[in-house]
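Take a look at the letters that make up each chain.
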Amino acid sequence: HNTIWGGAKSLVLHRSNLNDDEPYLRSVVLHQWLFGYELPDTILLLTEDGHVWICATKKKCEFLQPAVDRDEDFKLHLLLRTKEDDNAA
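**Re the state of the cysteines**
- According to the stated counting rule, one finds zero disulfides in the structure shown.
- Free of any disulfide, Cys 55 has its nearest cysteine sulfur in Cys 61, 7.5 Å distant.
- Owing to a relative accessible area of 10%, Cys 55 belongs among the buried residues under this scheme.
- On the basis of relative accessible area, Cys 61 is assigned to the buried category, the value being 9%.

This is the structure:
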């Protein structure tokens, strides 16, 4: 019986636009810890099997691209958000 996070298999975090009034939001701290950088207006999906899905703009995906396929146990997937497709990713 798995009691961690109520047995959830994944965790999703949304980081909205920058807000200097709340510099210690969990999502901000996690971004700093994972990337050493804050990625505003980004969605992270972390799964228990080691997959990380990131939905972000082209510039942020380009920043993260070097990390894709760098680790066998950690799979990073990038989903591109664009204004043209009304952010359908």
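**Some details on helix H1 (residues 26-35)**
- Residues of H1 that are buried include every one of Ser 27, Val 28, Leu 30 and His 31, and no others. Summarising the axial view, the buried residues of H1 lie within an arc of 165°, below the 170-degree limit, and thus occupy one face. Exposed residues pointing more than 90 degrees away from the buried face of H1 are listed as Arg 26 and Trp 33.

Definitions and cut-offs
- Residues numbered from 1 in each chain as written.
- Predicted model: local features only at pLDDT ≥ 70, side-chain atom pairs only at ≥ 80, totals over all residues.
- Heavy atoms only, no water.
- Disulfide = S-S within 2.5 Å.
- Buried < 20%, exposed > 50% of the residue type's maximum accessible area, 1.4 Å probe, protein only.
- Helix = DSSP H or I, 4+ residues; strand = E, 2+ residues; numbered from the N terminus.
- Arc of directions from axis to C-beta.

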